[in-house]
There are 2 protein chains.
Amino acid sequence: MITVEQAIAAILEQIRPLGTERVHILAACGRVLAEDIISGLNVPPHDNSGMDGYAVRYADIEDARPDHPAWLSVAGDLAAGSVAAAALQPGQALRIMTGAPIPSGADTVVKKEDTILEGDIVGILSAGRRGLNVRCAGEDINTGAQVFTRGALLRPAHLGVLASIKRAVVSVYQRPQVAILSTGEELVDIDGDLAPGKIVTSNSYALAGLVADAGAE
Amino acid sequence: MITVEQAIAAILEQIRPLGTERVHILAACGRVLAEDIISGLNVPPHDNSGMDGYAVRYADIEDARPDHPAWLSVAGDLAAGSVAAAALQPGQALRIMTGAPIPSGADTVVKKEDTILEGDIVGILSAGRRGLNVRCAGEDINTGAQVFTRGALLRPAHLGVLASIKRAVVSVYQRPQVAILSTGEELVDIDGDLAPGKIVTSNSYALAGLVADAGAE
């Protein structure tokens with residue numbers, strides 16, 4: 001007799017990793033990564049706003065308080081995906097949406113709740129600190145950073161990260177092909193004759209489900 | 001503004017269950033059952049032995065003790081899947097394997113560890129009780145019992161149970177087909193140009209993985 005641990009060790013000793021194949025990430029969920037993933041770019045790719053509010057020069061607002069707003073002229077709107085036409089000048093603010101790139105000249109975003117708008121003039125009610133509400137390029141992932149390691153089981157969240165670094169295709173291990181042989185004189189298949197002493201080979205079906213669940217064929 | 005709960009309720013109010021389709025249980029893992037499953041047979045189908053040992057008549061062994069064995073003649077072997085050729089006679093024992101059907105005439109199984117074999121005579125060292133180590137027909141599932149309920153998410157263990165009651169094909173709900181539309185001026189696809197202000201529509205890919213994980217297409 002050998003122990004369960006010895007039996008498992010004896011089996012695992014015979015296991016060799018399968019070959020690899022390249023798959024699109026939409027087909028990669030549940031697969032096992034066969035390469036280290038290094039990011040070729042920053043995520044986010046550019047400095048951008050973490051709030052809906054106003055992009056400003058911190059020097060213009062550092063004395064702002066609720067009872068002593070800093071007044072700036074609103075030079076325009078900046079939606080996510082668009083880019084400021086010109087650099088922000090002293091005394092100016094740009095209305096900015098979450099995710100929009102920080103315009104040249106600006107270094108801070110004041111969230112909308114900390115402002116009052118009067119016509120095309122905005123009053124900044126709170127200075128916060130320089131750089132507040134600015135999400136920096138590479139804040140999530142830096143260019144050159146190792147994102148995932150060979151052997152990782154790819155789940156939906158991995159697909160999102162791979163997409164964010166523009167990795168549409170990844171190398172994964174081939175799926176094992178598993179045959180199930182249930183033995184025993186008492187076993188009949190699901191459509192077999194349940195003569196006295198016979199039972200359906202039901203474990204075969206549960207095992208087939210578990211094998212598929214584990215990512216094998 | 002409506003609350004998250006209101007939004008979810010408004011969406012769910014529009015949801016109607018999809019149609020059903022019939023699938024083989026090997027293709028049913030992860031599907032949602034669209035019928036109640038009633039067993040048409042007993043599981044196990046026949047009384048059988050829960051131990052390797054000897055099938056006996058309890059009346060022959062009720063006085064057995066380690067220092068006063070009950071001696072029986074071994075009338076033969078009974079493996080799982082085979083059936084005794086004749087009923088057990090008084091004074092006889094049949095060597096029986098786990099899972100083998102209880103022979104006619106026997107009512108109790110004495111496990112091998114509680115016996116001593118001398119030639120073709122076996123000494124029973126412990127009486128136990130009548131019916132010990134006998135697994136009764138229907139002990140797991142009775143004919144007519146409801147096994148699973150409509151709406152159950154089928155997992156590997158369900159497949160084993162369905163096979164055991166000879167249900168090769170079941171009715172399941174059709175898989176939802178889900179389209180993912182990510183909107184935003186800032187979004188480009190994975191092979192798009194990450195111009196300033198643009199980011200990859202990475203959530204689309206994570207959502208696609210989650211949708212597939214949830215059993216939709």
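This text follows the structure it describes.
Owing to the predicted nature of the structure, the values given are computational and were not obtained by experimental measurement.

Peer 1: Before we go on, may I ask you to explain the nonpolar core in this structure?
Peer 2: What tends to happen in soluble globular proteins is that the nonpolar side chains get buried as a cluster. With 23 residues, the main nonpolar core has I25(A), L33(A), I37(A), L154(A), L162(A) and V170(A) as its most contacted residues. Put simply, the parts of the chain that give this core at least two residues each are α3 (156–164) and β12 (169–173) of chain A. Ranked by residues supplied to this core, first place goes to α3(A) with three residues. Setting aside residues no more than four positions away along its own chain, L33(A) makes contact with F148(A), T149(A), R150(A), G151(A), A152(A), L154(A), V170(A), S171(A), V172(A) and Y173(A). In this structure, I190(A), F148(B), L162(B) and A163(B) belong to the second largest nonpolar core, which totals 22 residues.

Peer 1: Hey, could you run me through the sheet that holds strand β7 (residues 108–111) of chain B in this one?
Peer 2: The strands making up a sheet associate through hydrogen bonds between their backbones, and the pairing can be parallel or antiparallel. All names here are of chain B. With mixed pairing, six strands are arranged side by side in an open sheet as β7-β4-β6-β5-β9-β8. Both outer strands of the open sheet, β7 and β8 (115–118), are each paired with one neighbouring strand and no more. Within this sheet the neighbouring strands show an average axis-to-axis angle of 40°, counted without direction. Looking at chain direction, strand β4 (residues 53–56) and strand β6 (residues 92–96) are connected through three bridges and run antiparallel. Across the sheet, residue G53 finds its bridge partner in β6, namely I96.

Peer 1: Just checking my understanding: could you explain the packing of α3(A) against helix α4 (residues 202–213) of chain B for this structure?
Peer 2: Remark: α3(A) packs on α4(B), axes separated minimally by 7 Å, with the N-to-C direction vectors making an angle of 160°. As the angle between them shows, α3(A) and α4(B) are arranged roughly antiparallel. Our pair here, α3(A) against α4(B), has a crossing hand that is right-handed. Contacts from P156(A), L159(A), G160(A), A163(A) and S164(A) of α3(A) reach α4(B) at S202(B), Y205(B), A206(B), G209(B), L210(B) and D213(B). By residue class, the composition of the contact of α3(A) with α4(B) is six nonpolar, four polar and one charged.

Peer 1: Any chance you could explain the interface of chain A and chain B here in plain terms?
Peer 2: It is common to give the size of an interface as the accessible area lost on bringing the parts into contact. Contacts between the two partners involve 40 residues from chain A and, on the opposite side, 41 residues from chain B. Overall, the association of chain A and chain B removes approximately 3100 Å² of surface from exposure, summing both partners, and the carbon and sulfur fraction of that is 71%. Together, K166(A), I190(A) and Y205(A) form the three largest contributors to the area buried by chain A at its contact with chain B, with a combined 18%. Linking chain A with chain B are two salt bridges, by the criterion used here. As a salt-bridge pair, R155(B) and D213(A) come within 2.2 Å of each other at their nearest N and O atoms. Counting every contact that joins chain A to chain B gives six residue pairs in polar contact (both at pLDDT 80 or more). Tallying contributions element by element places helix α4 (residues 202–213) of chain A first for the side of chain A that touches chain B, with seven residues. When grouped by side-chain class, the residues that make up the side of chain A that touches chain B number 23 nonpolar, nine polar and eight charged.

Definitions and limits used
- Residues numbered from 1 in each chain as written.
- Chains lettered and ligands numbered in written order.
- Predicted model: local features only at pLDDT ≥ 70, side-chain atom pairs only at ≥ 80, totals over all residues.
- Heavy atoms only, no water.
- Core = buried A, V, L, I, M, F, W, Y, C linked by side-chain atoms within 4.5 Å.
- Buried < 20%, exposed > 50% of the residue type's maximum accessible area, 1.4 Å probe, protein only.
- Helix = DSSP H or I, 4+ residues; strand = E, 2+ residues; numbered from the N terminus.
- Contact = heavy atoms within 4.5 Å.
- Pairing = 2+ DSSP bridges.
- Axes fitted to C-alpha atoms, helices over the stretch in contact; angles between N-to-C directions.
- Parallel < 35°, antiparallel > 145°, perpendicular 65-115°, else oblique.
- Left-handed = near helix turned anticlockwise from the far one by under 90°.
- Nonpolar A, V, L, I, M, F, W, Y, C, P; charged D, E, K, R; others polar.
- Buried area = accessible area lost by both parts, 1.4 Å probe.
- Salt bridge = Lys/Arg side-chain N within 4 Å of Asp/Glu carboxyl O.
- Polar contact = N/O pair within 3.5 Å; in protein donor to acceptor, adjacent residues only side chain to side chain.

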